[in-house]
Amino acid sequence: MSLLRQFDLNLLVILEALITECHVSRAADKVFLSQSAMSHALNRLREQLDDPLLIRYGQGLKPSPKALEMLPEIQTALRLIEHQLSPPAPFDPAKTERTFTLAVTDFVETVILPELLPILIEQAPRIRFSIEMIGMNYSQDALAALNTDLVIGLHTESTLPEGLIAAPWLTEHYAIIANQTRLNTLITTKEYIQATHINVVDTAGEKNYTGDPIDLWLANNSLKRDSLISTVNYFAAAKMVTQTHSLMTLPKRMAKLFSQHMPLTIVTPPADFPVLNMSIIRHTLHRKNPAINWLQDQFISYESGL
């Protein structure tokens with residue numbers, strides 16, 4: 001920060017204009033300065049950066065190698081500052097052609113989106129989505145760089161990096177699935193611990209992931225389940241259950257969905273089993289973004305209306 005204190009940040013706008021225009025007069029017009037004021041600013045920049053920045057080339061000017069190297073980073077910094085300072089533009093779902101990038105869990109992608117998507121399209125027919133799994137891209141940098149709009153479905157016990165905010169979204173009960181050779185549809189905690197388990201991790205490789213709610217609950221009771229295998233795919237895990245005597249614990253709506261298409265039995269968890277509390281996460285940079293506010297409201301109102 002000491003370098004920033006010594007540097008007049010207003011000069012960054014002038015520097016960007018000079019490098020992109022390669023002409024003092026045009027750069028002056030671009031930032032509404034007189035030619036003499038722009039020439040003075042160029043001399044200040046040359047002195048502070050210890051570089052000519054613009055070099056005589058034939059009848060005109062061309063950027064120095066250092067100027068060309070600096071330009072992309074300066075433009076990115078100016079865009080981020082302008083984004084933060086600019087008032088949000090009005091958002092009309094019926095007219096928007098925006099593509100939203102969402103990082104979601106398998107539960108959200110498999111259960112929620114197929115039901116919610118027709119509702120969203122009815123309100124915003126030209127809306128588009130890019131879906132990512134919550135993983136290494138779930139980070140402060142991905143959200144802050146505006147590459148990801150929302151992270152949906154992470155359980156509320158997860159530790160968030162500074163700069164991210166979470167809104168409570170959905171509470172889902174767990175269910176257990178087993179292959180159809182199992183006749184008893186109730187299970188005790190002792191039986192649950194004695195069984196082997198097919199586990200699914202929604203946030204593979206994520207350094208801020210603080211553990212599955214079930215494992216946290218078991219650990220608080222000095223217990224641990226025997227994991228036969230851990231995977232990131234619910235469908236693959238359910239197929240494994242059909243071929244083994246292992247159990248799989250998953251959101252209840254997913255259990256019902258899989259049991260309709262696979263030879264599976266739904267088993268009721270022990271009475272004191274935890275529930276899955278999920279959240280919607282965004283960066284503080286998005287807190288006044290009307291498009292993202294609209295989309296988050298759609299997810300929240302859909303669930304509250306069920």
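Scroll up a little and you will see the structure.
Let us look at the structure shown here. What you see is a predicted model, and the numbers here were worked out from it, not measured in a lab.

Take the sheet that holds strand β10 (residues 248-251) next. An order of β10-β7-β11 is seen for the 3 strands of this open sheet, with the pairing classed as antiparallel. What marks the edges here is a single partner per strand, and that holds for β10 and β11 (264-267). Between one strand and the next, the sheet's axes are offset by a mean angle of 40°, whatever the strand orientation. Of the strand pairs in this sheet, strand β7 (residues 174-179) and β10 are connected by 4 bridges, and their pairing is antiparallel. Note on β10: the bridge partner recorded for Y174 is P251.

The strand order β4-β3-β5-β12-β6 describes an open sheet built from 5 strands, whose pairing is mixed. Each of the sheet's edge strands pairs with one partner strand only, and the pair in question is β4 (128-133) and β6 (164-172). Neighbour-to-neighbour, the strand axes of this sheet turn through a mean angle of 25°, independent of strand direction. Pairing of strand β5 (residues 150-155) with strand β12 (residues 276-283) involves 4 bridges; the strand directions are antiparallel. Residue pairing across strands places L154 opposite S279, the latter belonging to β12. Strands β3 (99-104), β4, β5, β6 and β12 of the sheet are contacted by helix α6 (residues 106-123), whose axis makes an angle of about 90° with β6.

By rolling a water-sized probe across the atoms, one finds the places where empty space is left. A full pass over the atoms with the stated rule returns 1 cavity of 30 Å³ or more. For the largest cavity, the lining is made up of 21 residues, of which Y174, D202, D212, Y234 and L276 are closest to its centre. Residue assignment for the lining of the largest cavity shows that the elements contributing at least two residues are β5, β8 (196-200), α9 (213-220), β10 and β12. Broken down by class, the residue content of the lining of the largest cavity amounts to 12 nonpolar, 6 polar and 3 charged.

This part takes up the packing of aromatic side chains. Considering all chains together, one arrives at 7 aromatic pairs under this definition. Three or more aromatic residues joined by ring pairs make a cluster, and in this case those are Y174, Y192, W217 and F273.

V108, I112, I152, W169, M248 and F299 are the most contacted members of the largest nonpolar core, which has 52 residues in total. No other element matches the 7 residues that α6 contributes to this core. If near-sequence neighbours (up to four positions away) are discounted, F299 is found in contact with L102, V108, I112, L113, L116, I152, W169 and I280. By size, the runner-up hydrophobic cluster in this structure holds 23 residues, among which are V24, L49, L71 and I74.

A few words on the pattern of salt bridges. If you walk through the whole model with that rule in mind, you get 8 salt bridges. The shortest N-O distance in the salt bridge between D149 and R98 comes to 2.8 Å. Taken together, the positions of D149 in the loop between α7 (140-144) and β5 and R98 in the loop between α5 (65-85) and β3 put the pair 51 residues apart, joining distant regions of the chain. For D149, a relative accessible area of 4% translates into the label buried. Ionic contacts of the salt-bridge type, sharing partners, join the residues E16, E21, R26 and K30 into one network.

This next bit is on unusual backbone geometry. Phi at C22 takes a positive value of approximately 50°, unusual for a residue other than glycine. Among the structural elements, C22 can be located in the loop between α2 (10-21) and α3 (24-30). Look at F32: it is not a glycine, yet its phi comes out positive at around 60°. Of note, F32 is situated in the loop between α3 and α4 (35-49).

Direction vectors running N to C along α2 and α5 enclose 130°, while the axes themselves pass 10 Å from each other. Taken as axis vectors, α2 and α5 run oblique relative to one another. For the pair α2 and α5, the sense of crossing is left-handed. Across the interface between the two elements, L12, V13, L15, E16, I19 and T20 from α2 touch A67, M70, L71, I74, Q75 and L78 from α5. Residues that form the contact of α2 with α5 fall into these classes: 9 nonpolar, 2 polar and 1 charged.

Basis of the calculations
Residues numbered from 1 in each chain as written. Predicted model: local features only at pLDDT ≥ 70, side-chain atom pairs only at ≥ 80, totals over all residues. Heavy atoms only, no water. Pairing = 2+ DSSP bridges. Helix = DSSP H or I, 4+ residues; strand = E, 2+ residues; numbered from the N terminus. Axes fitted to C-alpha atoms, helices over the stretch in contact; angles between N-to-C directions. Contact = heavy atoms within 4.5 Å. 1 Å grid on protein atoms, 1.4 Å probe; cavity = no way out; pocket = protein on both sides within 12 Å on 5 of 7 lines; lining within 4 Å. Points joined across faces, edges and corners; volume = space filled by probe spheres on them. Nonpolar A, V, L, I, M, F, W, Y, C, P; charged D, E, K, R; others polar. Phe/Tyr/Trp six-rings, centres within 6.5 Å; stacked < 30°, edge-to-face > 60°. Core = buried A, V, L, I, M, F, W, Y, C linked by side-chain atoms within 4.5 Å. Buried < 20%, exposed > 50% of the residue type's maximum accessible area, 1.4 Å probe, protein only. Salt bridge = Lys/Arg side-chain N within 4 Å of Asp/Glu carboxyl O. Parallel < 35°, antiparallel > 145°, perpendicular 65-115°, else oblique. Left-handed = near helix turned anticlockwise from the far one by under 90°.

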